[in-house]
Amino acid sequence: NAGVTQTPKFRVLKTGQSMTLLCAQDMNHEYMYWYRQDPGMGLRLIHYSVGEGTTAKGEVPDGYNVSRLKKQNFLLGLESAAPSQTSVYFCASRRESFYNEQFFGPGTRLTVL
Amino acid sequence: SQELEQSPQSLIVQEGKNLTINCTSSKTLYGLYWYKQKYGEGLIFLMMLQKGGEEKSHEKITAKLDEKKQQSSLHITASQPSHAGIYLCGASTGTASKLTFGTGTRLQVTL
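Residues numbered from 1 in each chain as written. Chains lettered and ligands numbered in written order. Predicted model: local features only at pLDDT ≥ 70, side-chain atom pairs only at ≥ 80, totals over all residues. Heavy atoms only, no water.

Caption draft 1: Layout of the overall build of chain A. Counting its regular elements, chain A contains 0 helices and 11 strands. Put simply, chain A runs from its N terminus to its C terminus through helices and strands in the order β-β-β-β-β-β-β-β-β-β-β. On C-alpha atoms alone, chain A measures out to a radius of gyration of 13 Å, which is about the 13 Å that the 2.2 N^0.38 rule sets for 113 residues. Each principal axis of the C-alpha atoms in chain A carries an extent, and together these give about 40 × 30 × 25 Å. Taken over 113 residues, chain A has a buried fraction of 49%. Restricting the contact set of chain A to residue pairs at least 6 apart, pairs at least 24 apart contribute 55%. Within the structure as shown, chain A displays about 5500 Å² of accessible surface, and the carbon and sulfur contribution to it stands at 52%. If you average the places of the 12 positive and of the 9 negative side-chain charges in chain A, the two averages end up 7 Å apart. (Helix = DSSP H or I, 4+ residues; strand = E, 2+ residues; numbered from the N terminus. Rg over C-alpha atoms; globule rule 2.2 N^0.38 Å. Buried < 20%, exposed > 50% of the residue type's maximum accessible area, 1.4 Å probe, protein only. Contact = heavy atoms within 4.5 Å. Areas by Shrake-Rupley, 256 points an atom, 1.4 Å probe, with all protein chains shown as cover. Lys, Arg positive; Asp, Glu negative; His and termini not counted. Charge placed at Lys NZ, Arg CZ, Asp CG, Glu CD.)

Caption draft 2: The side chain of A:Arg36, seen in detail. All names here are of chain A. Mapped onto the elements of the fold, Arg36 is located in strand β4 (residues 31–38). The exposure class of Arg36 is buried, given its relative accessible area of 8%. A polar atom in the side chain of Arg36 sits 2.9 Å from the side chain of Asp38. Once residues within four sequence positions are removed from consideration, Arg36 is found in contact with Gly42, Leu43, Arg44, Ile46, Val60, Tyr64, Ser84, Gln85, Thr86, Ser87, Val88 and Tyr89. (Polar contact = N/O pair within 3.5 Å; in protein donor to acceptor, adjacent residues only side chain to side chain.)

Caption draft 3: Representation of the state of the cysteines within the structure. Enumeration over the complete set of coordinates arrives at 2 disulfides over all chains. A:Cys23 shares a disulfide with A:Cys91; S-S distance 1.8 Å. Residues A:Cys23 and A:Cys91 are joined by a disulfide whose S-S torsion is about -75°; by sign, that bridge is left-handed. One end of the pair, A:Cys23, is in strand β3 (residues 19–25); the other, A:Cys91, is in strand β9 (residues 87–94), with 68 residues separating them in the sequence. When sorted by exposure, A:Cys23 lands in the same class as A:Cys91, which is buried. Disulfide pairing is shown between B:Cys23 and B:Cys89; the S-S distance is 2.1 Å. On the sign convention where negative means left-handed, the S-S torsion of about 75° between B:Cys23 and B:Cys89 marks this disulfide as right-handed. Of the two residues, B:Cys23 is situated in strand β3 (residues 19–25) and B:Cys89 in strand β9 (residues 85–92); the sequence distance between them amounts to 66 residues. Comparing B:Cys23 with B:Cys89, the two get one shared label, buried. (Disulfide = S-S within 2.5 Å.)

Caption draft 4: Expanded view of the sheet that holds strand β7 (residues 65–67) of chain A. Residue and element names in this part refer to chain A. Spatial ordering of the open sheet is given by β1-β3-β8-β7, a layout of 4 strands whose pairing is antiparallel. Two strands bound the open sheet, and with one partner strand each, they are β1 (4–7) and β7. Taking each pair of neighbouring strands and ignoring which way they run, the sheet shows an average axis angle of 20°. Relative to strand β8 (residues 73–78), β3 runs antiparallel, the two being bridged by 6 bridges. Residue Thr20 lies in a different strand from β8, and its bridge partner there is Gly77. (Pairing = 2+ DSSP bridges. Axes fitted to C-alpha atoms, helices over the stretch in contact; angles between N-to-C directions.)

Caption draft 5: The arrangement of the packing of aromatic side chains in detail. Inspection of the entire model under this criterion finds 10 aromatic pairs over all chains. Ring plane angle 65° and centroid distance 5.8 Å describe the contact between A:Tyr64 and A:Tyr89, whose orientation is recorded as edge-to-face. One end of the pair, A:Tyr64, is in the loop between β6 (56–57) and β7; the other, A:Tyr89, is in strand β9, and 25 residues separate them in sequence. Residues A:Tyr64 and A:Tyr89 agree in their burial class; the two are buried. Measuring from ring centre to ring centre gives 5.8 Å for B:Tyr35 and B:Phe45, while their planes differ by 70°; the resulting arrangement is edge-to-face. Of the two residues, B:Tyr35 sits in strand β4 (residues 32–37) while B:Phe45 sits in strand β5 (residues 43–49), which places them 10 residues apart along the sequence. Judged by relative accessible area, B:Tyr35 falls into the buried class, the value being 0%. A network of ring pairs unites the aromatic residues A:Tyr33, A:Tyr35, A:Tyr48, A:Phe104, B:Tyr33, B:Tyr35, B:Phe45 and B:Phe101 as a single cluster. (Phe/Tyr/Trp six-rings, centres within 6.5 Å; stacked < 30°, edge-to-face > 60°.)

What follows is the structure, given as structure tokens:
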């Protein structure tokens, strides 16, 4: 099993450009999450999904959109990138049972100039 | 909203020494997760605690949740360079089992 994979690993954007980050998991997990990690602020939840076709807002959703058209994929979109969105983005997934841990991808390092 | 405070923020220890990292919550913890992150990589799950007084160990790492379920500690015995990284605690917030994370403790192990 590949676990949770993220594409791309690195990306540099100019202000105003758009892009999509792809997260894929092969563990048949129901729940998927997108986080951003910034120095001194830990991990903050952007959006999450409790199943195919569903999405919900997390702690810091502004400027991002998500889609979960297939159970194994969770896409994070930036429509008009801003320098404040420079961060490391992590995707995670977990089984539905309450006390199961989240499995994390390797991260995408995004720089917006 | 639940807040998690980790202490210390960073730690430098000599190889072979013991160390403890603390995670204190502003609310009762119903599921406390410890993760390790190597620099530039994703998070690796270490262990999860849910019952007051619960203690779990894996190799040289022991985690404990206090009886009142508002603080957890992570103890590393006889530290090794492989223990270096960032340790994060995460607390379950209920709905959809979202996790709130602490800001992390950066551990360096010197030879």
